[in-house]
2 protein chains.
Amino acid sequence: MNSKRQVNINGLTIGGNAPVRVESMLKISLDKHEECLSQCERLLKAGCEMARAALPEAKYVPDLKALVESTRLVIMADIHFDPALAILAMEAGCKAIRINPGNMPLNRLNDVIACAKSMGVVIRIGANGGSVSQSQLEEARGDRAEALFIAVREQAELLLENGFTNLILSAKSSSVPECVRANEMIAEKYPDFPMHIGLTEAGPGDGGIVKGTACISALLMRGIGDTLRVSLTDEPEREVRVGYEILKALELRTRGVNLISCPTCGRRRADVMRLVKIVEPMLEGLPDGVSVAVMGCEVNGPKEARHAQFGIAGTPGGAVLFREGKSFGEYPFDELEEVLPKFLKM
Amino acid sequence: MNSKRQVNINGLTIGGNAPVRVESMLKISLDKHEECLSQCERLLKAGCEMARAALPEAKYVPDLKALVESTRLVIMADIHFDPALAILAMEAGCKAIRINPGNMPLNRLNDVIACAKSMGVVIRIGANGGSVSQSQLEEARGDRAEALFIAVREQAELLLENGFTNLILSAKSSSVPECVRANEMIAEKYPDFPMHIGLTEAGPGDGGIVKGTACISALLMRGIGDTLRVSLTDEPEREVRVGYEILKALELRTRGVNLISCPTCGRRRADVMRLVKIVEPMLEGLPDGVSVAVMGCEVNGPKEARHAQFGIAGTPGGAVLFREGKSFGEYPFDELEEVLPKFLKM
């Protein structure tokens, strides 16, 4: 968005004029080769552009190497506690690593920096609320958002002092206001560096989607964020789909169809929920960014339906179809299942 | 939030120092008495504070009257096209009506205003993108957000000129950036009046929740919005639950438990998705605002879990339980279903 520098991970550009990227994280242990690979394939199909993979111990290094060599998905190694693991991940072929300032000793970062420099590896400094130190909290006078910012700053300064600028910055917590404030402070201090945004531990279901969306959309609307992950207690593909829904909602990036449908009310003339269930599976083949409106009555229906590329406006006996604002005819409800596939073609 | 005036609808305060209210809309025709009433009951149980009911024709006036007399839920009549319907709704006992400036003739509003004044009825001016007029669009030089603002302003000015101030203002469209901008313009011009916020036709499923959340949370974080509705192509109770999730995410209002759970990764030691499925149904009896953290590993787990009132941190063989930061013991996975109900008590 507003960052001036751009990093490049195996051809994937982040920051600068690149579109906001959509990431996820593998949720399978690296030693399960087939499962990891098929999760990568599903993620690619959903539009995922980079996935983190946790490297908790050195014994998984050969697995990480095998994965990086066999998937087209860009892999970022997720490293905690041990700087040696960061170096092993780079040697295994990872062109990006994430380190957590909250649990990696600053005085042992020099070897990591030297290795990343020589191999052209991007480092994401990823702080999170659960790993903020007591001294950072004290420096921030108990303000958890500021403590998160301080955690990122400490590590960023060390890397910058060493002339390392191939950086992505991030700070996450499970509180939306705290996370937004921490990211604002980072963006203000380091306006030139790409930022990864998201909430940590958003949770399951609707609540998780709400929290993730509130945080990520607030930041994107402030011009903060070059790559995102929606953390959900769910399959990673859903994280990716929700990520694109956020970008689509903010009109920053399109993927798939923009389906507009009315919430229905006591005024409805058509069964919109049933119509949507019929229409949704038919949308897969349509190009990115096409809008389809399904409306249930005459208040907003005809105008909104005409506005969309494909409009379906409920009438007492069925629906009027509009393509690019022109009527495609009125059909009784029981003919719609047959007519709609012909209608929904570019 | 930031509005200075407060309106009062049958005891429900909106604006001023009142908490942000959560609304929905009945999705059943008024002549289906039993179904409407049971939808109202379900909405009340979900925490809904006001529901709109569409009054499309005069023949439904007795039904509206019967509903208003038999439910505890505050009902706002939703009126389009015909000012006479607005008056009939007030006479039927509705203490709030919503009128749409896009389809109600300005020159016939005087009777509506006089009636609302004499009966102490609150009027919501609710513009939406589908009903903006050609002349409003022209005045806005094609800017749809500004046209929405102009639609609200035209009707608001007429009411204010007539000394009517018992007002709620709103403008909705199906585009998040457009809707946010329109509401910013309204809040700037009329900072004293309560505002109802939401997106119209957000759509079904995850995409609908994302769009609604992006719009509503962006406005609330700018201090705009005194009452909200999340329009979804779904049951109205879900709209209410998502509404509270938004307020909870922004830490503006609590309802139910704040469930924090990690997204899991290749590092996980516990099956977090399975744990969450066990824990979630046990949360119903806990007081509003209590936080429960379910974490899968040692990176964020213990600290985040300690931070929450109830913490469940996965270990290789089961989970460590924390209550108010103090250990409640470590249990193997197969004992958790039995231990958790005892643990999750205040």
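A few points about the overall build of chain A
In step 1: A count of helices and strands for chain A gives 12 helices and 15 strands.
In step 2: With respect to the three principal axes, the spread of C-alpha positions in chain A is 75 × 45 × 35 Å.
In step 3: Classification of the 346 residues of chain A by burial places 63% in the buried group.
In step 4: Put simply, 64% of the contacts in chain A that link residues at least 6 apart link residues at least 24 apart.
In step 5: Here chain A contributes 41 positive and 45 negative side-chain charges, whose respective centroids are spaced 3 Å apart.

Structural notes on the packing of aromatic side chains
Residues and elements named next belong to chain A.
In step 1: Per the stated rule, a full pass over the model turns up 6 aromatic pairs over all chains.
In step 2: When the ring of F310 is compared with that of F343, the centres are 5.4 Å apart and the planes differ by 85 degrees; the resulting orientation is edge-to-face. Residue F310 is found in strand β13 (residues 310-314), and its partner F343 is found in helix α12 (residues 336-343); the two are separated by 33 residues along the sequence.
In step 3: Overall, F310 belongs to the buried group, its relative accessible area being 2%.
In step 4: A relative accessible area of 0% places F343 in the buried class.
In step 5: Ring plane angle 50 degrees and centroid distance 5.1 Å describe the contact between F328 and F343, whose orientation is recorded as tilted. Pair noted here: F328 is in strand β15 (residues 326-332) and F343 is in helix α12, with a separation of 15 residues, a long-range link.
In step 6: Here the aromatic residues F310, F328 and F343 are joined through ring pairs into a cluster of three or more.

What to know about the domain arrangement of chain A
In step 1: Domain boundaries assigned for chain A yield domain 1 (6-249) and domain 2 (258-343).
In step 2: A C-alpha centroid distance of 40 Å is found between domain 1 of chain A and domain 2 of chain A.

Structural notes on the relation of the copies chain A and chain B
In step 1: Superposing chain A onto chain B takes a rotation of 180 degrees plus a shift of 0.0 Å along the axis, which leaves an RMSD of 0.0 Å. The symmetry that links the two subunits is that of a two-fold axis.
In step 2: An overlap of 100% is found between the interface residues of chain A and their copies at the interface of chain B, pointing to a shared contact surface.

Here we look at the side chain of B:S170
Residues and elements named next belong to chain B.
In step 1: When you line up the elements, S170 lands in strand β8 (residues 167-172).
In step 2: Only 2.7 Å separates the side chain of S170 from the side chain of R124, close enough to count as a polar contact.
In step 3: When residues no more than four places from it in sequence are discounted, the contact partners of S170 are R124, I125, G126, A127, V152 and H196.

Brief notes about the pattern of salt bridges
In step 1: Evaluated as defined, the whole model comprises 36 salt bridges over all chains.
In step 2: Taking the shortest distance from any N to any O, the salt bridge between B:R253 and B:E49 comes out at 2.8 Å. Pair noted here: B:R253 is in the loop between α9 (236-249) and β11 (258-261) and B:E49 is in the loop between α1 (33-46) and β4 (50-54), with a separation of 204 residues, a long-range link. By the burial criterion, B:R253 is buried, and B:E49 matches it.
In step 3: Measuring nitrogen to oxygen at the nearest pair gives 3.7 Å for the salt bridge that ties B:E338 to B:K342. Here B:E338 pairs with B:K342, and both are found in helix α12 (residues 336-343), just 4 residues apart, close to one helical turn.
In step 4: When salt bridges that share partners are traced, they join A:R21, A:E49 and A:R253 into one network.

What counts and how
- Think of each chain on its own: its residues are numbered from 1, step by step along the sequence as written.
- Ligands are numbered from 1 and chains lettered from A, in the order in which they are written.
- Side-chain atom pairs in this predicted model are given and counted only at pLDDT of 80 or more, local residue features only at pLDDT of at least 70, and totals for whole chains, interfaces and linings cover all residues.
- Water and hydrogen atoms play no part in the side-chain values, which are based on all heavy atoms of the structure.
- Numbering of helices and strands starts at the N terminus; helices are DSSP runs of H or I of at least 4 residues and strands are runs of E of at least 2.
- Note on exposure labels: buried denotes an accessible area under 20% of the residue type's maximum, exposed denotes more than 50%, and partly exposed covers the range between, all computed with a 1.4 Å probe on protein chains only.
- The contact criterion used is simple: two residues touch if any of their non-hydrogen atoms lie within 4.5 Å.
- His is not counted, nor are the chain ends, whereas Lys and Arg count as positive and Asp and Glu as negative.
- By convention, charge coordinates are those of NZ in Lys, CZ in Arg, CG in Asp, or CD in Glu.
- Classification of ring pairs uses Phe, Tyr and Trp, with its six-membered ring standing for Trp, and accepts pairs whose centres are within 6.5 Å; under 30 degrees between planes counts as stacked, over 60 as edge-to-face, and the remaining range as tilted.
- Where each domain begins and ends follows an automated or database-derived domain assignment.
- The copies were overlaid with a least-squares fit restricted to C-alpha atoms from residues scoring a pLDDT of at least 70 in each copy.
- Any pair of N or O atoms that falls within 3.5 Å is considered a polar contact. Within protein, one atom must be able to donate a hydrogen and the other to accept it, and sequence-neighbouring residues count only if both atoms are side-chain atoms.
- Salt bridges are defined as contacts in which a side-chain nitrogen from Lys or Arg sits within 4 Å of a carboxyl oxygen from Asp or Glu.

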